[in-house]
Amino acid sequence: MRIRSQLKKGAITSPSTSIYQQRGEGSSRLEQLSDGVFALAITLLLISSKIPETSEELISFTGDILAFAASTIVLIAIWYQHYLYFLRFNLKDKRTVVLNTFLLLVVLFYVYPLKFVISFILRYLGYGLLILLGIDFDREAYYALVTSVSSWETLPTIMIIYSAGYFSLMLAFALLYRHANRQKEVLSLTDWERWKSSKTMFQYFIQAGVAIVSILISLVAEWTNAPWYAVAGGFAYFLIGVAIYILDRVFEKKKPSEVAKVPVAISIDSAATDTSLDPDS
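Along each chain, the written sequence defines residue order, and numbers are assigned to residues from 1. It should be noted that, the model being predicted, local features are given only for residues of pLDDT at least 70 and side-chain atom pairs only at 80 or more, the latter also being counted only at that level, while totals for whole chains, interfaces and linings use all residues. For side-chain calculations, the full set of non-hydrogen atoms in the structure is used, while hydrogens and water are omitted.

Bringing the overall build of the chain into the picture now. When helices and strands are tallied, the chain shows eleven helices and zero strands. When its helices and strands are written in sequence order, the chain yields α-α-α-α-α-α-α-α-α-α-α. Note on classification: 1.4 Å probe, protein chains only; a residue is buried when its accessible area is under 20% of the maximum for its type, exposed when over 50%, partly exposed between these limits. A burial count over the chain gives 42% of its 281 residues as buried. Every residue pair with non-hydrogen atoms within 4.5 Å of one another is taken to be in contact. Residue pairs in contact within the chain that sit at least 24 positions apart in sequence constitute 82% of those at least 6 positions apart. Every helix listed is a DSSP run of H or I at least four residues long, and every strand listed is a run of E at least two residues long, numbered separately from the N terminus.

Encoded structure:
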């Protein structure tokens, strides 16, 4: 009830930012440019699909729709993290511009291997699902359609390209948060904000590190002429959850003991009756 009354009064004006102050007000030219690049990236995903001219191509286009939808969701998730960064820190110095430019270039590069890998996985999953369910279909024709995206022999190269893009993306976010940490005096970061931003920085570094592991596994698969080994490069990404869980346990011990008051508009978290802070908000 308290939250509803504050919503009606317009007191809650920002996303859940119980730890971070809302330093970003409005949309700067840097953010507008970034939004345009993300919109362009989604457009590139769409126009990369070939217009179907036969029934077989129409079936293939259906798979492209799923790959496009999944890739778009990933891009929007990346955009949202970018949006939160500028909402929290609102930095516009030269280093931020350079790092943001690097991130945007990676996004434009990343859209193609992202959609390629998702399409590759969806087609092989569909092929395996049809076999598992015992559905009668022309296996040779469907397998030819599946392998039209890529063959297993090229899987190591695909994983290397994809992981290189993922590594660059995570590295860009990690460096942005490291830069924000170094501007703690300028930004007047609270203990909670420094704790949270440090934790986020290491989370991105961990994901970049796992991408390097995936690249190394894929390189071994390519050098040994055993493309199936590259599958392990894909499963390596499951290590992210384990590593971040360990990181959370470590940072839980470093959590500030006192909660600093945040002089911003009331957030949904702070308006709740439970005064505990969610470190992942």
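Let's shift gears to the confidence of the model for the chain. As a per-residue measure, pLDDT reflects the predictor's confidence and takes values from 0 up to 100. Summing up the model confidence of the chain, the mean pLDDT is 79 and the portion of residues at 70 or higher is 73%. Low pLDDT, under 50, characterises residues 1-17; the stretch is placed with 28 contacts to residues that sit more than four places away or in other chains. Confidence drops under pLDDT 50 across residues 260-281; counting only partners more than four residues distant or on other chains, this segment forms 47 contacts.

Along an α-helix, residues three or four apart share an orientation, since each turn contains 3.6 residues. Taking 1.5 Å as the rise per residue, helix H8 (residues 191-223) with 33 residues should run 48 Å; its terminal C-alpha atoms sit 48 Å apart, in good agreement. Positioned one or two residues after H8, Asn 225 has a phi angle of 55 degrees, which is positive. Expected span, for any helix, means 1.5 Å times one less than how many residues it has.

This next bit is on helix H10 (residues 239-252). Relative to the 20 Å expected for 14 residues at 1.5 Å per residue, H10 spans 20 Å between its end C-alpha atoms, a close match to the ideal helical length. Inspection of H10 places Ile 240, Ile 244, Leu 247 and Phe 251 among the buried residues, and these make up the whole buried set. What you see down the axis of H10 is that its buried residues fit within an arc of 55 degrees, all on one side. In H10, the exposed positions that point more than 90 degrees away from the buried face belong to Val 242, Tyr 245 and Arg 249. Looking at the packing, one finds that the buried side of H10 touches helix H6 (155-182) and H8. Working definition: the arc comes from the directions between the helix axis and the C-beta atoms, pointing outward to the latter.

Further remarks concern the nonpolar core. Residue types Ala, Val, Leu, Ile, Met, Phe, Trp, Tyr and Cys, when buried and joined through side-chain atoms within 4.5 Å, form a set referred to as a nonpolar core. In this structure, Phe 89, Leu 103 and Leu 169 are the most contacted members of the largest nonpolar core, which totals 56 residues. When residues in this core are grouped by element, the largest group, 13 residues, is from H6. Once residues within four sequence positions are removed from consideration, Phe 89 is found in contact with Tyr 20, Arg 23, Tyr 177, Ala 180, Leu 187, Leu 189 and Ser 197.

Moving on, we get to unusual backbone geometry. With a phi angle near 55 degrees, Ser 188 is a residue other than glycine that sits in the positive phi range. Assignment of secondary structure puts Ser 188 in the loop between helix H7 (184-187) and H8. In the Ramachandran plot, Asn 225 falls in the positive-phi region, its phi being about 55 degrees despite a non-glycine side chain. Examined against the element boundaries, Asn 225 turns out to sit in the loop between H8 and helix H9 (230-235).

Quick look at the pattern of salt bridges now. Between Lys or Arg on one side and Asp or Glu on the other, a salt bridge is scored when a side-chain nitrogen of the former is within 4 Å of a carboxyl oxygen of the latter. Within this structure, the stated rule accounts for four salt bridges. When the shortest N-O distance is used, the salt bridge between Arg 23 and Glu 193 registers 2.9 Å. With Arg 23 in the loop between helix H1 (2-9) and helix H2 (29-47) and Glu 193 in helix H8, this residue pair connects regions lying 170 residues apart in the sequence. For the pair Arg 23 and Glu 193, a shared accessibility class is recorded, and that class is buried. Here Asp 248 and Lys 199 are joined by a salt bridge, their closest N and O atoms 3.3 Å apart. A residue pair is termed long-range when its members are at least 10 positions apart, and Asp 248 in helix H10 and Lys 199 in helix H8 qualify at 49 residues.

Geometry of a packed helix pair, given as the angle between the helix axes and the separation of the axes. Look at H6 against H8: their axes get within 8 Å of each other, and the N-to-C directions meet at 160 degrees. Taken together, the axis directions place H6 and H8 in an arrangement best described as roughly antiparallel. Of the two possible hands of crossing, H6 and H8 adopt the one that is left-handed. Working convention: axes come from line fits to C-alpha atoms, limited for helices to the stretch in contact. Angles between N-to-C directions cover 0 to 180 degrees. Oblique is the label for any angle not under 35 degrees, not over 145, and not in the 65 to 115 range, which are roughly parallel, roughly antiparallel and roughly perpendicular in turn. By convention the crossing between two helices is left-handed if the near helix lies anticlockwise of the far one by an angle smaller than a right angle, and right-handed if it lies clockwise.

With that settled, consider the packing of aromatic side chains. Two aromatic rings from Phe, Tyr or Trp, using only the six-membered ring of Trp, form a pair when their centres are within 6.5 Å; if the ring planes differ by under 30 degrees the pair is stacked, by over 60 it is edge-to-face, and anything between is tilted. Overall, the coordinates contain 16 aromatic pairs when judged by the stated rule. A ring pair is formed by Phe 173 and Tyr 204, whose centres lie 5.1 Å apart and whose planes are at 15 degrees; its orientation type is stacked. Placement of Phe 173 in helix H6 and of Tyr 204 in helix H8 is noted, with a sequence separation of 31 residues between them. When its relative accessible area of 2% is taken as the criterion, Phe 173 is described as buried. In this structure an aromatic cluster arises from ring pairing among Tyr 20, Tyr 85, Phe 86, Phe 89, Phe 173, Tyr 177 and Tyr 204. Only when the NZ atom of a Lys or the CZ atom of an Arg is both within 6 Å of the ring centre and within 35 degrees of the ring normal do we say a charge sits over the ring. The lysine or arginine in question, Lys 254, covers the ring of Phe 251, its NZ or CZ lying 5.3 Å from the ring centre.

Mapped onto the elements of the fold, Asn 100 is located in helix H4 (residues 94-132). In this structure Asn 100 comes out as buried when scored by relative accessible area, which is 1%. Filtering out sequence-adjacent residues up to four positions away, Asn 100 remains in contact with Leu 30, Ser 34, His 82, Phe 86 and Leu 176.

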